[in-house]
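Now for the letters of each chain:
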Amino acid sequence: MSGATEYDDMERTFAALPPAYGRGFAQTWWGQAWLKALEDTALDSEQVKAGRRLARAGAVGAVSVRPGRVTAVVKDRDGTAHRADVLLGELSGEQWNRFVDMTVERAGHVAALLDREMPSHLVEDAAAAGVELLPGMGDLEPECDCGAWDHCGHTTALCLQVARLLDQDPFLLILLRGRAERSLLDALQEHSAGPSREPAGETAEPATTDAAEAYAAGDILPPLPGLPELPTGPGLPPSLNTEAPPAPGVDPAALEFLAARTAVEAHRLLVDALSEGPEPGGAEAELTVAQDAVRLAAGAPAQSVADRLAVGSGRTAEQLDLAVRAWRYGGAAAVSVYEEKWAVEGETLARARAALDSAWDDDERPTLRATGNRWTAVGTPGQLRLGQDGRWWPYQRERGRWVPAGGATQDPATALASMEPMEPMEPMEEEKRGREETRDS
């Protein structure tokens, strides 16, 4: 893994990570779960903000990870160095045995670990077996020589950097819980090998089973064949460019395009199926006709086909182009955020305001004008839109219209910072824009 300067069975040390300006500290769901455990444990939100500033400024030195503990030296803004430690309870030998037994029962779990991934169903199955891999509220215990009894800015900054490391390699969580990577993989291989053969010279008595019992048990079926090799790409549909005239109402160009997009979608589904292994993945929500039109338009059809998709989905050509731009950032969810405006109320509004209040330091927070689920940054061409799932999407003013400008993030500051910087507007232009936003944002 990049950044590692030292490796042995029970301790890994990573060189200091670069500053994290304008980006979140965790992209994977397990990295975000680690950060949630920190937020649920820390009692002082000001210390969390201080830790965020230190981590983003690159104040955390080399990070050492070993069973039950992570350690680093963190420097204050004045250069004062403090040793910070964060402790996490180790699993018992009996818990590790249960984890190994549970993992080898499902091939997808082993494959995910080998790919350095930690799918949610693996963590859920482990929890059902009494093995908590991810920390929960109160599990991340701080120790710092600054004398703080709770999480201080130094231990918070260390936790934020650990989240970045966990994004790259979830085996660090396994190490923190007390088991080295090689030891765990060896145990998985040993348990996957199955029972040993009979010793030489000994012949086991042939087992006999009633046919009806064997059929009912279902354990006499031969093993499933191996998975097929994945094609390098989608197949090519047959050409409709023939000398015969098309039937009335049939558009050969549109039909060829639909066949090509169907082949692309079939290849994607096959890739997903083979990567998931024998366990089926979660079903995706069915697209509406309007959403499916955007998906097809994202395949760069001929202009005549694109025009038909726009008319059929109730959009103008320009609206379809912008919907396609949104689709490429985040699929159907991004299109919904682009096209739908909704009122943010109650608990959802409280969470949104809390996220906005904690995203920036007081001297860095932009002035935001709220309209529905859209927050416009006054004096800039930037806007944040809140999706129904609680994620923030960046938008940018372009030729008098708001256009999608990036993918979704959990942190509104990261979303707004992901846009290309532009020159501030003149006061008169800002006043005019404010009137326009009231009308059409």
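Notes on the structure follow.

Reading the values: rules and limits
- Residues numbered from 1 in each chain as written.
- Predicted model: local features only at pLDDT ≥ 70, side-chain atom pairs only at ≥ 80, totals over all residues.
- Heavy atoms only, no water.
- Helix = DSSP H or I, 4+ residues; strand = E, 2+ residues; numbered from the N terminus.
- Buried < 20%, exposed > 50% of the residue type's maximum accessible area, 1.4 Å probe, protein only.
- Areas by Shrake-Rupley, 256 points an atom, 1.4 Å probe, with all protein chains shown as cover.
- Polar contact = N/O pair within 3.5 Å; in protein donor to acceptor, adjacent residues only side chain to side chain.
- Contact = heavy atoms within 4.5 Å.
- Salt bridge = Lys/Arg side-chain N within 4 Å of Asp/Glu carboxyl O.
- Pairing = 2+ DSSP bridges.
- Axes fitted to C-alpha atoms, helices over the stretch in contact; angles between N-to-C directions.
- Phe/Tyr/Trp six-rings, centres within 6.5 Å; stacked < 30°, edge-to-face > 60°.
- Lys NZ or Arg CZ within 6 Å of the ring centre and 35° of its normal.
- Patch = residues over 30% accessible without salt bridge, like charges linked within 9 Å, V, L, I, M, F, W, Y side chains within 5 Å.
- Arc of directions from axis to C-beta.
- Expected span 1.5 Å × (residues − 1).

1. Re the overall build of the protein chain
Helices and strands together make up the secondary structure of the protein chain, namely 16 helices and 11 strands. Evaluated residue by residue, the protein chain yields a buried proportion of 40% over its 441 residues. Just so you have it, the protein chain exposes about 24,800 Å², and 53% of that area is on carbon and sulfur atoms.

2. Observations regarding the side chain of Asp 85
Assignment of secondary structure puts Asp 85 in strand β5 (residues 81-87). At 2.8 Å, the side chain of Asp 85 forms a polar contact with the side chain of Arg 83. Setting aside anything within four residues of it in sequence, one finds Asp 85 in contact with Arg 66, Arg 69, Val 70, Thr 71, Glu 141, Pro 142, Glu 143, Thr 155 and Leu 158.

3. Some words on the pattern of salt bridges
With the rule as written, the count across this model stands at 18 salt bridges. Where Asp 361 meets Arg 53, a salt bridge forms, and the shortest distance between an N and an O atom there is 3.1 Å. Of this pair, Asp 361 sits in the loop between α14 (346-359) and β7 (368-371) while Arg 53 sits in helix α2 (residues 45-56), and the two are 308 residues apart along the sequence. Assessed through its relative accessible area of 17%, Asp 361 is described here as buried. The exposure class of Arg 53 is partly exposed, given its relative accessible area of 30%. A salt bridge links Glu 398 to Arg 325; the nearest nitrogen and oxygen atoms lie 3.5 Å apart. On the criterion of sequence distance, the pair formed by Glu 398 in strand β10 (residues 392-398) and Arg 325 in helix α13 (residues 317-339) is long-range, its members being 73 residues apart.

4. A short note on the sheet that holds β7
Read from one edge of the open sheet, five strands run β7-β8-β9-β10-β11, paired in antiparallel fashion. Each edge of the open sheet is held by one strand with a lone partner, namely β7 and β11 (401-404). Strand-to-strand twist of the sheet, defined as the mean angle between neighbouring strand axes without regard to direction, takes the value 30°. As judged from the five bridges shared by strand β9 (residues 382-386) and β10, these two strands associate in the antiparallel manner. Residue pairing across strands places Gly 382 opposite Gln 396, the latter belonging to β10. Where α13 meets the sheet, its contacts fall on β8 (374-377), β9, β10 and β11, and the angle it forms with β11 comes to roughly 50°.

5. Observations concerning the packing of aromatic side chains
In the structure shown here, the tally under the stated rule is three aromatic pairs. Aromatic pair Trp 29 and Trp 30: ring centres 6.5 Å apart, planes at 85°, arrangement edge-to-face. You can call Trp 30 buried: its relative accessible area is 8%. Residues Trp 96 and Phe 99 carry aromatic rings whose centres are separated by 5.8 Å and whose planes lie at 85° to one another, so their mutual orientation is edge-to-face. Highlighted residues: Trp 96 and Phe 99, both in helix α3 (residues 93-104), separated by three residues, approximately one helical turn. Residue Trp 96 shares its accessibility class with Phe 99, and that shared class is buried. For the cation-ring pair, Arg 385 lies above Tyr 395, with the distance from its terminal atom to the ring centre recorded as 4.0 Å.

6. Section: the pairing of β10
Burial within β10 is extensive, with six of its seven residues counted as buried. The loop that links β9 with its antiparallel partner β10 comprises five residues; one of these, Gly 390, has a positive phi angle of about 90°. Direction of pairing for β10 relative to β11: antiparallel, over a ladder of four bridges. When the bridges of β11 are listed, Gln 396 appears paired with Val 403. Where β10 folds back onto β11 in an antiparallel hairpin, the turn is made up of two residues, including Arg 399, whose phi is positive at roughly 50°.

7. Regarding a nonpolar patch on the surface
Together, Leu 240, Val 250 and Leu 255 give the surface a local cluster of nonpolar side chains, amounting to about 230 Å² of exposed area. Among the structural elements, Leu 240 can be located in the loop between α9 (211-217) and α10 (252-276).

8. A word on helix α5 (residues 120-128)
If you check which residues of α5 are buried, you get Leu 122, Val 123 and Ala 126. The buried residues of α5 occupy an angular sector of 95° when the element is viewed end-on, so they sit on one face. Relative to its buried face, α5 has exposed residues pointing more than 90 degrees away, namely Glu 124 and Ala 128. Backbone geometry just downstream of α5 places Gly 130 in the positive-phi region, at approximately 85°.

9. A short note on helix α6 (residues 153-168)
If you check α6, its first and last C-alpha atoms are 24 Å apart, about what 16 residues at 1.5 Å a residue would give, namely 22 Å. Burial runs high along α6: 15 of the 16 residues are buried.

10. Focus: unusual backbone geometry
Although it is not a glycine, Ala 300 sits at a positive phi angle of roughly 55°. The backbone of Arg 399 sits at a positive phi, close to 50°, despite the residue not being glycine. Turning to its location among the elements, Arg 399 is positioned in the loop between β10 and β11.

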